[in-house]
Structures are given as C-alpha cells and as structure tokens.
Amino acid sequence: MSASTLRRLGTVAVSTAALAVVAPSPALAGDLFFSKSSGTTASVTWLEVGELPEAANAPGNAHFGDLFVDDLGGGRASVFGSVHDVQCDDGVTPYLPGGGHGEPAPEDGPCRLLGIRFVDGGQVTFTIDRKFTTATLTGTLAVGSGHGETPASAPPVSITWTGVGDIYSERQSGTFVDEYGTYRYRYDFTGRDAAVAPGSRIGPMVFDDEAGEHSDSRIGRYRSSDRQRS
C-alpha cells in the first residue's frame, strides 16, 4: 500500500469519525438526522513492518494504523484510531486485505488479516499551535478489540508533528441515496501536511525506523456536517 493510499484512507476515516462523535442538532422538518462539528486536529496513518514484542499483543509482521487527535483545550484531547495486524508471506510488499473499506478479507492470499485493535481514549496531553507548525501528544492510549470490554492495553505514546509546506484548504462532500432516504455530508479542512519526528512511537512501535515503513500526517482545523432525510 502506497503512502497516497494511506492518505486517502486516513482522510476518509477522520471525516467519518468526526461526524460520528458529534451530538445531533434539532432536526429540520422531514430530516432524520442533522449534525455538525468543528475542531483542531492532528492525524497520522502508518505502516509498521516487522514483528513486535509479544507484550504488545500485536500478531503479524505488518501493522497498518491510524490515529486522530481532537484538541479539547487545556492540554486535553479526544483520541481515536485503529490498527490492522497483517501476516504477509516472505518477500511480499505488505498490503491491507480487503482494502480497508469494509470488504471481507480473502481467506487466502499473500497477506492475511489477523485482527483489528481500536484506540479509544486514554490519559494524554496534547498541544498544537495556532499556525499549525507543530503538535505533540504524550501519555498513554486505551487499546482494545472494540467489543466494549476493558481496554486490553495502555501503551505509552509520544508523537511530535511538524508542519511542512504551505497551509491549504480542501473540501469533501457527497450524497448517497438508499432505502432509508438521502444522506449528505461535507468535510472542510484547512491546515498543513506534517512529518512525524524521528523517535516518535506508540508502545514498541517506532515510526519509520525500518525499511519499507512510511507514515502520512497532517495538522489543522476541520468543519463537518451531515444530514439524512427520509
């Protein structure tokens, strides 16, 4: 999976997650649901190559991850993300079976999906400057299987983002129609691409310290809204 593919997956994931966590506003006549949110955020998607220590509870020899941090002010933050653990045959460039869009993973193939872990909160401190030149996240993350049980682990996290290039803006929007009605969404982002500083890590996973690894990051401000009408 290329860095550009990681970027696309991360953009879709952060816009979807932002819409999922907001509280609904009063619905208009005929609307089933309407929500909107905005905030300052840092995100990173990555590929980690190689086996991790047994204590990490991360099977496989490749690990695709994403992490999104929403600034709550005063050093506080909302943190969420996921890690897909994959086992690939020797000599195969790691890829995510199923493409990461909800398709079922094939039962055979050179790469097999072993499991998914979810980041949902933790005890963290987050800082980000107004010009989106740098951001830092430190503390511990809550990681589990997503089935509502007590998080299986609390790995330490230490990530520094550094903005690169000019500030830019982008917008995603779309409309879907199904048997439940019409769904419309919009996601606006203004910020910078970013680089994760060498030595940044989550537990035993260190960003971009092995051949074949790569990550994609950005920091900035977003606005999102969605509406579903019957």
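Throughout this document, residue positions are counted from 1 along each chain, in the order its sequence is written. Since the coordinates come from a predicted model, pLDDT governs what is reported: local features require at least 70, and pairs of side-chain atoms require 80 or more to be given and counted, while whole-chain, interface and lining totals use all residues. The side-chain values count all of the structure's non-hydrogen atoms but skip hydrogen atoms and water molecules.

Draft legend 1. Highlighting the overall build of the chain. From N to C terminus, the chain includes 1 helix and 10 strands. To qualify as a helix, a DSSP run of H or I must reach at least 4 residues; to qualify as a strand, a run of E must reach at least 2; elements of each kind are numbered from the N terminus. Counting from the amino terminus, helix and strand elements in the chain follow one another as α-β-β-β-β-β-β-β-β-β-β. Note on classification: 1.4 Å probe, protein chains only; a residue is buried when its accessible area is under 20% of the maximum for its type, exposed when over 50%, partly exposed between these limits. Counting only residues that meet the buried cut, the chain has 42% of its 230 residues in that class. Counting every atom, the chain has about 12000 Å² of accessible surface; 53% of that belongs to carbon and sulfur. Each accessible area value is a Shrake-Rupley result obtained with a 1.4 Å probe; residue values ignore everything except the protein chains displayed when judging cover.

Draft legend 2. Focus on the side chain of Ser 224. Relative to the helices and strands, Ser 224 is located in strand β10 (residues 214-229). Exposure remark for Ser 224: the relative accessible area of 5% places this residue in the buried category. Pairs of N or O atoms are called polar contacts if they sit within 3.5 Å, as long as, within protein, a hydrogen donor faces a hydrogen acceptor (for residues adjacent in sequence, only side-chain-to-side-chain pairs). Polar side-chain contacts of Ser 224 include one of 2.8 Å to the side chain of Ser 37.

Draft legend 3. Spatial organisation of the state of the cysteines. Two cysteine sulfur atoms form a disulfide, by the criterion used here, when they sit within 2.5 Å. What the rule picks out here adds up to 1 disulfide. Each sulfur in the disulfide pair Cys 88 and Cys 111 lies 2.1 Å from the other. Its torsion about the S-S bond being 110°, the disulfide of Cys 88 and Cys 111 is classed as right-handed. With Cys 88 in strand β3 (residues 76-88) and Cys 111 in strand β4 (residues 111-128), this residue pair connects regions lying 23 residues apart in the sequence. Residue classification places Cys 88 among the buried residues on the basis of a relative accessible area of 4%. The buried category is assigned to Cys 111, whose relative accessible area is 0%.

Draft legend 4. Layout of the packing of aromatic side chains. In this analysis, rings of Phe, Tyr and Trp, with Trp reduced to its six-membered ring, are considered paired at centre separations within 6.5 Å, and the interplanar angle assigns stacked below 30 degrees, edge-to-face beyond 60, and tilted for intermediate values. Counting across every chain of the model gives 8 aromatic pairs. The interplanar angle of 80° and the centroid separation of 5.4 Å between the aromatic rings of Trp 46 and Phe 207 together place this pair among those described as edge-to-face. With Trp 46 in strand β1 (residues 31-49) and Phe 207 in the loop between β9 (205-206) and β10, this pair connects stretches of sequence that are 161 residues apart. We classify Phe 207 as buried; its relative accessible area is 4%. The interplanar angle of 10° and the centroid separation of 6.0 Å between the aromatic rings of Phe 176 and Tyr 185 together place this pair among those described as stacked. Of the residues examined, Phe 176 reaches a relative accessible area of 49% and is grouped as partly exposed.

Draft legend 5. Representation of the side chain of Ser 215 in the model. Looking at the secondary structure, you find Ser 215 in strand β10. At 2.8 Å, the side chain of Ser 215 and the side chain of Asp 208 are in polar contact. Residues in contact with Ser 215, not counting those within four places in the same chain, are Val 44, Thr 45, Trp 46, Val 196, Phe 207 and Asp 208. Whether two residues are in contact is decided by their heavy atoms, any of which lying within 4.5 Å being enough.

Draft legend 6. Structural view of the nonpolar core. Among the nonpolar cores identified, the biggest contains 26 residues, and Leu 67, Val 79, Phe 126, Leu 137, Leu 141, Trp 161 and Ile 202 are the most heavily contacted of them. Counting only elements with at least two residues in this core, the list comes to β1, β2 (62-73), β3, β4, β5 (134-144), β6 (156-178) and β7 (181-196). Counting 7 residues, the second largest nonpolar core, distinct from the first, contains Leu 47, Val 86, Cys 88 and Cys 111. By nonpolar core is meant a set of buried Ala, Val, Leu, Ile, Met, Phe, Trp, Tyr and Cys residues that side-chain atoms within 4.5 Å join together.

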